[in-house]
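# Structural description and commentary
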Amino acid sequence: MKETITGAEALMRSLKSEGVKTIFGYPGGAIMPVFDALYSYTRGERKAFDHILVRHEQAAAHAAEGYARVSGDVGVCIVTSGPGATNTLTGVADAMMDSTPMVVIAGQVGTGALGTDAFQEVDLVGVAQPISKWSYQIRRPEDVAWAVSRAFYIARSGRPGPVVLDFPKNAQTHTCEWNPVKVDHVRSYRPYPIIDEDVVAEAAEIINNSKRPLALVGQGVELGNAQTELLEFLERADIPAARTLLGLSALPSSHPLNMGMLGMHGNYAPNIKTQECDVLIAVGMRFSDRVTGLLSTYARQAKVIHLDIDPSEIDKNVKTTVAVVGDCKQSLPAITRLLNKNVHREWRESFRKYHEMEQEKVIEPAIHPVQGPLLMGEIVNAVAELTGGNAVLVNDVGQNQMFSCRYFRYNNNRSVVTSGGLGTMGFGLPAAVGACFATDRTVCFFTGDGGLQMSIQEFGTIMEQRLPVKIFLLNNNYLGNVRQWQDMFFGQRKSFTRMLNPDYKSICCGYGISYDVVVDRSELLAKIERTLAAEGPCLLECAVKEEDNVLPMTPPGNSVDDMLLEINI
């Protein structure tokens, strides 16, 4: 005789069967039966999950993102209906833009009250559909096991992404016979396209005949766990490579073929050389506008080979010569087998001139200033040197994001947690919470004063969990990135970008977080060392130059080779 259980209990068993270990959430009326079932799964002999009580539902989604990005597993969050559900939607949109596997389970009013404007009722499936990989309402307890298994299959397979499950209260409380379900196929959904061998051969021939190849490495390499395959591909044909913001740790910082970061605030050499290469090989990246600049002038001289698992990305922004659609863990070695062993020494060396120009005009002044206020670049560089490239970088959005991504170092994969496509301020602190549950490595979180205050309530989560996150607050009393654009493009009219900041020392004291502040350059290294060595959470407030600018910069609407190494305002 089969066991009869509630829909809430079925959810717990289904999550357990998917290998879930950590859940981020916030209880409320419409999800209370689920949290009641969760109670016995977080303690005693039945313990299966760690539930992390966040202080805001948006933080639950961002924490699940941080956990997923570092661990490679699906992030999970559970929230209530109405505002609880809608608060997660920024995180859902963020995860969709950045291909982060996540499952959001939200309470809902009972099915009998749907469409009546009941208390805390929102059409979550309708709202979430355009910004998620799949959204579904579980109306019967019998459907729980199938829906959860399908959700995890869709979230983690192919190009990953977020899934939203809307769970009416009666489906949580009503009973059904327990029938475990494992979904490993969805009709019309083909997450792993079959690689066309003729296309592979065509791509290999173009690369073999190239004189100036350049690879663009995106997050797809990390999502596909293809770091080893990437190195074999690059080293076989001696192909210099540049990384996108989300793909920074797909290639070790110190690798001789690593030419730096692409994009608006990327490194000078790879952006210039994009306009000089004869073959452009894009691997697991989507040709974001922040990478391409003005599309009409982007790499017009080059043959373009695009490797991507998602056929919708092919020719979406940049017209390709050859498209290899498939998982890069298979497509990269398929091409590598057909490549001639090659050496492009002269081409590689041609990057040096631009590296040296950036080093002299931008990097040295940013990381080794001799006088004046502290600079963001020197703080990031100092932390990077002291952590030896082995820490996980989490950041918020803005100048702190650009400086930390530029000057941090990466020895290991899955070492960068940043909001790329959506650019979500407030992302960083809860994402750092999630990252701490995904790794034993040091988690270094860089933030500005603007982004920190968007999710500062998550100090409560850090306090409760005693998470050892190292917070570097780059405080310039401005919304720095907007201020930079105002100075450059809006006649220096700083419209509502100056910030009146609170006493962060008092706030940290209230939350039991160790605090220090650095103003003087002579104290910088010692205070960073103490921050990194501290047990538990620690915040180092860095009083940085108020009007520091991120350079290089490609002004919006310009070609990628129109990068500025200095700004004259």
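Described in the following lines is the structure provided in the data block. (Residues numbered from 1 in each chain as written. Predicted model: local features only at pLDDT ≥ 70, side-chain atom pairs only at ≥ 80, totals over all residues. Heavy atoms only, no water.)

## Thoughts on the overall build of the protein chain
- Assigned secondary structure in the protein chain consists of 24 helices and 20 strands.
- Here the C-alpha atoms of the protein chain give a radius of gyration of 24 Å, agreeing with the 25 Å that 2.2 N^0.38 yields for 569 residues.
- With the C-alpha coordinates aligned to their principal axes, the bounding extent of the protein chain is approximately 75 × 65 × 45 Å.
- Counting all 569 residues of the protein chain, 59% fall into the buried class.
- In the protein chain, the proportion of contacts linking residues at least 24 apart, taken out of those at least 6 apart, comes to 77%.
- Surface accessibility of the protein chain: about 22,500 Å² in total, with carbon and sulfur atoms responsible for 50%. (Helix = DSSP H or I, 4+ residues; strand = E, 2+ residues; numbered from the N terminus. Rg over C-alpha atoms; globule rule 2.2 N^0.38 Å. Buried < 20%, exposed > 50% of the residue type's maximum accessible area, 1.4 Å probe, protein only. Contact = heavy atoms within 4.5 Å. Areas by Shrake-Rupley, 256 points an atom, 1.4 Å probe, with all protein chains shown as cover.)

## Focus on empty space enclosed by the protein
- What the rule picks out here adds up to one cavity of 30 Å³ or more.
- A volume near 50 Å³ is recorded for the largest cavity.
- For the largest cavity, the full set of lining residues is Arg69, Gln219, Glu222, Leu223, Leu246, Arg414 and Val416.
- Among the residues making up the lining of the largest cavity, the classes are represented as three nonpolar, one polar and three charged. (1 Å grid on protein atoms, 1.4 Å probe; cavity = no way out; pocket = protein on both sides within 12 Å on 5 of 7 lines; lining within 4 Å. Points joined across faces, edges and corners; volume = space filled by probe spheres on them. Nonpolar A, V, L, I, M, F, W, Y, C, P; charged D, E, K, R; others polar.)

## Let's talk about the pairing of strand β14 (residues 322–325)
- Where burial is concerned, the two faces of β14 differ: the one with Val322 and Val324 is buried and the one with Ala323 and Val325 is not.
- Pairing geometry for strand β13 (residues 303–308) and β14, over four bridges, is parallel. What sits directly across from His306, in β14, is Ala323. (Pairing = 2+ DSSP bridges.)

## Considering the side chain of Asn395
- Within the fold, Asn395 resides in strand β15 (residues 392–395).
- Relative accessible area serves as the criterion here: at 0%, Asn395 is assigned to the buried category.
- Of note is the side chain of Asn395, whose polar atom sits 2.9 Å from the side chain of Ser404.
- Sequence-distant contacts of Asn395, defined by excluding residues within four places in its chain, comprise Asn400, Gln401, Ser404, Cys405, Val417, Thr418, Phe427, Gly428, Phe445 and Phe446. (Polar contact = N/O pair within 3.5 Å; in protein donor to acceptor, adjacent residues only side chain to side chain.)

## Thoughts on helix α7 (residues 144–156)
- Between its first and last C-alpha, α7 extends 18 Å over 13 residues, near the 18 Å set by a 1.5 Å rise per residue.
- Among all positions in α7, only Val144, Ala145, Ala147, Val148, Ser149, Arg150, Ala151, Phe152, Tyr153, Ile154 and Ala155 are buried.
- Of the surrounding secondary structure, the elements contacted by the buried residues of α7 are α1 (7–17), β4 (75–79), β5 (102–108), β6 (134–137) and β7 (162–168).
- Looking at the residues trailing α7, positive phi occurs at Gly158, about 60°. (Expected span 1.5 Å × (residues − 1).)

## Section: unusual backbone geometry
- Along the chain, Leu551 connects to Pro552 via a cis peptide bond; the corresponding omega equals -5°.
- Its place among the elements puts Pro552 in the segment after β20 (538–543).
- Here Ser188, not a glycine, exhibits a phi torsion of approximately 75°, which is positive.
- Locating Ser188 in the fold gives a position in the loop between β8 (175–177) and α9 (197–208).
- For Asp315, which is not a glycine, the phi torsion comes out positive at approximately 65°.
- Locating Asp315 in the fold gives a position in the loop between β13 and β14.
- Judged by its relative accessible area of 35%, Asp315 is partly exposed.

## Thoughts on the environment of Asp143
- Note that Asp143 resides in the loop between β6 and α7.
- Taking C-alpha positions, Asp143 is 9.5 Å from Val181, a pair spaced 38 residues apart along the chain.
- If sequence neighbours within four positions are ignored, Asp143 has contacts with Tyr136 and Ile138.

## Considering the packing of aromatic side chains
- Tallied over the entire structure, the rule returns 16 aromatic pairs.
- Between Phe446 and Phe472, the ring centres sit 5.1 Å apart and the planes meet at 20°, which makes this aromatic pair stacked. Residue Phe446 is located in strand β17 (residues 443–448), and its partner Phe472 is located in strand β18 (residues 470–475); the two are separated by 26 residues in the primary sequence. In this pair, the class of Phe446 matches that of Phe472, namely buried.
- Seen from their ring centres, Phe459 and Tyr511 are 5.7 Å apart, and the 80° between their planes marks the pair as edge-to-face. With Phe459 in helix α21 (residues 459–465) and Tyr511 in helix α23 (residues 504–511), this residue pair connects regions lying 52 residues apart in the sequence.
- Look at Tyr511 and you get partly exposed, because its relative accessible area is 26%.
- Taking NZ or CZ as reference, Arg150 lies 4.5 Å from the ring centre of Trp134, over its face. (Phe/Tyr/Trp six-rings, centres within 6.5 Å; stacked < 30°, edge-to-face > 60°. Lys NZ or Arg CZ within 6 Å of the ring centre and 35° of its normal.)

## Here's the deal with the packing of helix α17 (residues 376–387) against helix α18 (residues 399–407)
- With their axes 9 Å apart at the nearest point, α17 and α18 run at an angle of 45° to one another. With respect to α18, the axis of α17 lies oblique. Helix-helix and strand crossings are classified by hand; for α17 and α18 the assignment is right-handed. Between α17 and α18, the residues in contact are Met376, Gly377, Val380, Asn381 and Ala384 and Gln399, Asn400, Phe403, Ser404 and Tyr407, respectively.
- Looking at side-chain class alone, the contact of α17 with α18 contains five nonpolar, five polar and no charged residues. (Axes fitted to C-alpha atoms, helices over the stretch in contact; angles between N-to-C directions. Parallel < 35°, antiparallel > 145°, perpendicular 65-115°, else oblique. Left-handed = near helix turned anticlockwise from the far one by under 90°.)

## Some thoughts on the state of the cysteines
- Going through the model one piece at a time under the given rule, you end up with zero disulfides.
- No disulfide involves Cys509; its sulfur sits 8.8 Å from the nearest other cysteine sulfur, which is in Cys508.
- Cysteine Cys542 is unpaired, with the sulfur of Cys538 as its nearest cysteine sulfur at 11 Å. (Disulfide = S-S within 2.5 Å.)

## Here's the deal with the environment of Asp516
- By the secondary structure assignment, Asp516 is in strand β19 (residues 514–518).
- Taking C-alpha positions, Asp516 is 50 Å from Val325, a pair spaced 191 residues apart along the chain.
- Ignoring anything within four residues of it in the chain, the contact list for Asp516 reads Lys527, Arg530, Leu539, Leu540 and Glu541.

## Remarks on the nonpolar core
- Residues Leu280, Phe287, Tyr298, Phe408 and Phe446 are the most contacted members of the largest nonpolar core, which totals 65 residues.
- If one sorts the elements of this core by residue count, α17 sits on top with six residues.
- Filtering out sequence-adjacent residues up to four positions away, Leu280 remains in contact with Leu214, Leu216, Thr274, Phe287, Tyr298, Ala299, Ala302, Lys303, Val304 and Ile305.
- Val92, Ala95, Val104 and Cys508 belong to the second-largest nonpolar core, a separate cluster that totals 46 residues. (Core = buried A, V, L, I, M, F, W, Y, C linked by side-chain atoms within 4.5 Å.)

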